[in-house]
Amino acid sequence: MWDDAEFQNWLMLDSLQADSAEALLELRGLRLTWSEGSGYASEDTHALRRRFAHFLSLAMQNFLRLRGAEEEEGFSDDASLRISWDQLASRIISWGRFLGSYPVSVPEPEAEAWHDIYLRTLLTGTDNSRIFDWETGKLEAPVREAMGRVIREHPDSQVVALVRGYLELLATADYGDTPAARSFLEARGIRTMLGVQPPIR
């Protein structure tokens, strides 16, 4: 769909045609998603949960509930966050709690992957949602507050020591971006999200 110019033109020609495509996809557990002016099919987690909830474990139901809410909010577009830093902190906390509740479950690897993406985004930013101010080079106040929230509300998580250590290191340089700060993350296996196309939903 993404690369089909004729189909994209058909979608954009008339809103009724887009509605028809949306209805057709919904019957198959998919949704019509838009990004950078193009429509494409993506999974509809709410549809999966509605149709199969009675057959799913509690872990899978809760996984789909969390992902469904995130899909409704969206995540990024053109490497720019569509959610606030505070919402990003909430996602890290939610997935951390999920992993603590269901450490060995079918959705655990994917839950770990989402937790990792959100944590990396908070600690490194994205191409068009930088955590350091372009002019001053200092950590943006909303990002600092979001990191503080993760520490406060997720005290038993393994990420607390990481986030606290990173903030403390940044504080020694007046919250500026330094080679030492980047080395701190690299040494702990935190890969940057800069130069990476983040998930859209």
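Residues numbered from 1 in each chain as written. Predicted model: local features only at pLDDT ≥ 70, side-chain atom pairs only at ≥ 80, totals over all residues. Heavy atoms only, no water.

### What to know about the overall build of the protein
- For the protein, the count of helices and strands is nine helices and four strands.
- When the helices and strands of the protein are read in sequence order from the N terminus, they spell out α-α-β-β-α-α-β-β-α-α-α-α-α.
- Each of the three principal axes of the protein carries a C-alpha extent, and together these read 55 × 40 × 25 Å.
- Looking at the 201 residues of the protein, the share that counts as buried comes to 44%.
- Residue pairs in contact within the protein that sit at least 24 positions apart in sequence constitute 60% of those at least 6 positions apart.
- Here the protein has roughly 11,000 Å² of accessible surface; of this, 52% comes from carbon and sulfur atoms. (Helix = DSSP H or I, 4+ residues; strand = E, 2+ residues; numbered from the N terminus. Buried < 20%, exposed > 50% of the residue type's maximum accessible area, 1.4 Å probe, protein only. Contact = heavy atoms within 4.5 Å. Areas by Shrake-Rupley, 256 points an atom, 1.4 Å probe, with all protein chains shown as cover.)

### Some words on the packing of helix α8 (residues 159–171) against helix α9 (residues 179–187)
- Two numbers describe how α8 lies on α9: the axes approach to 9 Å, and their chain directions differ by 165°. Here α8 lies roughly antiparallel to α9, going by the angle between them. Once α8 is placed against α9, the crossing between them reads as right-handed. Touching L162, G165, Y166, L169 and L170 of α8 are A180, A181, F184 and L185, all from α9.
- Here the contact of α8 with α9 is built from residues that sort into eight nonpolar, one polar and no charged. (Axes fitted to C-alpha atoms, helices over the stretch in contact; angles between N-to-C directions. Parallel < 35°, antiparallel > 145°, perpendicular 65-115°, else oblique. Left-handed = near helix turned anticlockwise from the far one by under 90°. Nonpolar A, V, L, I, M, F, W, Y, C, P; charged D, E, K, R; others polar.)

### Comments concerning the side chain of H154
- Within the secondary structure layout, H154 lies in the loop between α7 (141–153) and α8.
- Sequence-distant contacts of H154, that is, excluding residues within four places in its chain, are made with I92, I93, G96, R97, H115, R149, V159 and V160.

### Observations regarding a negative patch on the surface
- Residues D14, D19, E22 and E26 make up a contiguous surface patch of negative charge.
- For E22, the location among the structural elements is in helix α2 (residues 15–27). (Patch = residues over 30% accessible without salt bridge, like charges linked within 9 Å, V, L, I, M, F, W, Y side chains within 5 Å. Salt bridge = Lys/Arg side-chain N within 4 Å of Asp/Glu carboxyl O. Lys, Arg positive; Asp, Glu negative; His and termini not counted. Charge placed at Lys NZ, Arg CZ, Asp CG, Glu CD.)

### Digging into α7
- Taking 1.5 Å as the rise per residue, α7 with 13 residues should run 18 Å; its terminal C-alpha atoms sit 18 Å apart, in good agreement.
- Buried residues of α7: V143, A146, M147, G148, R149, V150 and I151, and no others. (Expected span 1.5 Å × (residues − 1).)

### Some thoughts on the packing of aromatic side chains
- Scanning the entire structure with this criterion turns up seven aromatic pairs.
- Considering the side-chain rings of W95 and F98, the 5.5 Å spacing of their centres and the 70° angle between planes classify their relative orientation as edge-to-face. Of this pair, W95 and F98 both sit in helix α5 (residues 85–101), three residues apart, roughly one helical turn.
- Judged by its relative accessible area of 0%, W95 falls in the buried class.
- Here the aromatic residues F63, W95, F98 and Y102 are joined through ring pairs into a cluster of three or more. (Phe/Tyr/Trp six-rings, centres within 6.5 Å; stacked < 30°, edge-to-face > 60°.)

### Quick look at the pattern of salt bridges
- All chains considered together, the criterion is met by 10 salt bridges.
- For the salt bridge of R201 with E71, the shortest nitrogen-to-oxygen distance reads 3.1 Å. Of this pair, R201 sits in the segment after α9 while E71 sits in helix α4 (residues 58–73), placing them 130 residues apart in sequence. Accessibility classification places R201 together with E71 in one group, the buried group.
- It is possible to trace a salt-bridge network through shared partners that takes in R67, E70, E71 and R201.

### Brief notes about the environment of V143
- With respect to the helices and strands, V143 occurs in helix α7.
- Exposure remark for V143: the relative accessible area of 0% places this residue in the buried category.
- Note: C-alpha distance between V143 and Y102 (41 residues apart in sequence) is 28 Å.
- Setting aside chain neighbours within four positions, we find V143 in contact with W85, L122 and I131.

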